[in-house]
Amino acid sequence: MTHRLAIFDCDGTLVDSQANICMAMAYAFEGAGLTPPLRNDIRRVVGLSLVESMRVLLPDADDICHQDMAEHYRTAFLTLRNNGLVDEPLYDGMAALLSEMDEGGWLLGVATGKSDRGLIRCLDHHAIKSLFVTLQTADRHPSKPHPSMVYQALADAGADACNAVVIGDTVYDIHMGRAAGTRTVGVNWGYHRVEELREAGADYIAESMDDLKAYLKDFA
């Protein structure tokens, strides 16, 4: 039996978490006595692991600073969550799409720069965790665009790369999928521009949820 596997990014693909990420990053920098990055600069690093994000945002700092800032971010995000300020809504139509895919025989996975704890909380909140057969996070892998998360997802699902697709909103997702030999779909509702996703080599650009559904329906 041929298993079709769809590996979704989380932030910017499944859920809209931009406001949370930007707020937590601002708090993290302010707490360290630093000027917060511009919102667009924060958007650019969504999808990378936290330490790698800090390397991009603070290119002149050393590794210890990058590690410390990653911890500042974790603390800031947890504080926001504990204060009831974290809101990560599913994009309109995503829950229905995932359910249809599951019923249609697709195996589903997630590959994200989130932590294990952050991903589980997000999926549990939306009651969709049971739909996924493999969950890969930055806690156990190198940062995107390294293909490690995709390789493990393929192994977990018993799927071949030629029967798998990585779906994401950033060039990191596209590069990751291409490196692992899967097909790749860029979505236009996330954090990187469509032109960038095309230049990164996306096999397809989904302009809407219905567009994504149509592509997956014809996937063979």
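Residues numbered from 1 in each chain as written. Predicted model: local features only at pLDDT ≥ 70, side-chain atom pairs only at ≥ 80, totals over all residues. Heavy atoms only, no water.

### Quick look at the overall build of the protein
Scanning the protein from N- to C-terminus turns up 10 helices and six strands. Dimensions of the protein along its principal axes, counting C-alpha atoms only, are 55 × 35 × 30 Å. Of all intrachain contacts in the protein linking residues separated by at least 6 positions in sequence, the fraction that spans at least 24 positions is 62%. Put simply, the protein shows about 10,000 Å² of open surface, and 49% of that area lies on carbon and sulfur atoms. A gap of 2 Å separates the mean positions of the 19 positive and 32 negative side-chain charges of the protein. (Helix = DSSP H or I, 4+ residues; strand = E, 2+ residues; numbered from the N terminus. Contact = heavy atoms within 4.5 Å. Areas by Shrake-Rupley, 256 points an atom, 1.4 Å probe, with all protein chains shown as cover. Lys, Arg positive; Asp, Glu negative; His and termini not counted. Charge placed at Lys NZ, Arg CZ, Asp CG, Glu CD.)

### A word on the pattern of salt bridges
On inspection of all chains with the given rule, the structure shows 13 salt bridges. The partner of arginine 140 in a salt bridge is aspartate 116, with the nearest N and O atoms 2.8 Å apart. Of this pair, arginine 140 sits in the loop between β3 (132-136) and α7 (148-157) while aspartate 116 sits in helix α6 (residues 116-125), placing them 24 residues apart in sequence. Residue classification places arginine 140 among the partly exposed positions, given a relative accessible area of 45%. Salt bridges here are not isolated pairs; linked through shared partners, they connect Arg44, Arg193, Glu195 and Glu196. (Salt bridge = Lys/Arg side-chain N within 4 Å of Asp/Glu carboxyl O. Buried < 20%, exposed > 50% of the residue type's maximum accessible area, 1.4 Å probe, protein only.)

### Describing the state of the cysteines
Summed over all chains, the structure comprises zero disulfides. Free of any disulfide, cysteine 22 has its nearest cysteine sulfur in cysteine 10, 16 Å distant. The class for cysteine 22 is buried, based on a relative accessible area of 7%. (Disulfide = S-S within 2.5 Å.)

### A short note on the sheet that holds strand β6 (residues 204-206)
With respect to topology, six strands assemble into an open sheet ordered β3-β2-β1-β4-β5-β6, the strand pairing being parallel. A single partner strand is all that each edge strand has here, and the edge strands are β3 and β6. Adjacent strand axes in the sheet meet at a mean angle of 25° when their direction is disregarded. As defined by bridge partners, strand β2 (residues 107-111) adjoins β3 across four bridges and the pair is classed as parallel. Pairing of leucine 108 across the sheet is with phenylalanine 132, part of β3. Across the sheet, helix α10 (residues 209-217) lies against β1 (5-8), β4 (164-168), β5 (183-187) and β6, angled at about 140° from β6, the strand it touches most. (Pairing = 2+ DSSP bridges. Axes fitted to C-alpha atoms, helices over the stretch in contact; angles between N-to-C directions.)

### Quick look at the packing of aromatic side chains
For the structure shown, the criterion picks out five aromatic pairs. For the pair tyrosine 91 and tryptophan 189, a centre-to-centre distance of 6.3 Å together with 50° between the ring planes defines the contact as tilted. Of the two residues, tyrosine 91 is situated in the loop between α4 (63-82) and α5 (94-103) and tryptophan 189 in the loop between β5 and α9 (194-199); the sequence distance between them amounts to 98 residues. For the residue pair tyrosine 91 and tryptophan 189, the accessibility class agrees, reading buried in each case. Summarising the aromatic geometry, the rings of tyrosine 204 and tyrosine 215 are spaced 4.7 Å apart at their centres and angled 20° between planes, so their arrangement reads as stacked. Here tyrosine 204 is found in strand β6, whereas its partner tyrosine 215 is found in helix α10, with 11 residues between them in sequence. The exposure class of tyrosine 215 is buried, given its relative accessible area of 17%. Ring pairs connect the aromatic residues Trp106, Tyr204, Tyr215 and Phe219, which therefore count as one cluster. (Phe/Tyr/Trp six-rings, centres within 6.5 Å; stacked < 30°, edge-to-face > 60°.)

### Side note on the nonpolar core
Ranked by internal contacts, the top residues of the largest apolar core, which has 63 residues, are Phe8, Leu14, Phe132 and Leu212. When neighbours within four sequence positions are excluded, leucine 212 is seen to be in contact with Phe8, Leu97, Ile167, Val185, Trp189 and Ala206. Formed by 14 residues, the second largest nonpolar core is a distinct cluster that contains Leu154, Ala157, Val166 and Met176. (Core = buried A, V, L, I, M, F, W, Y, C linked by side-chain atoms within 4.5 Å.)

Take it as geometry only, folks, not as evidence of what the structure does.
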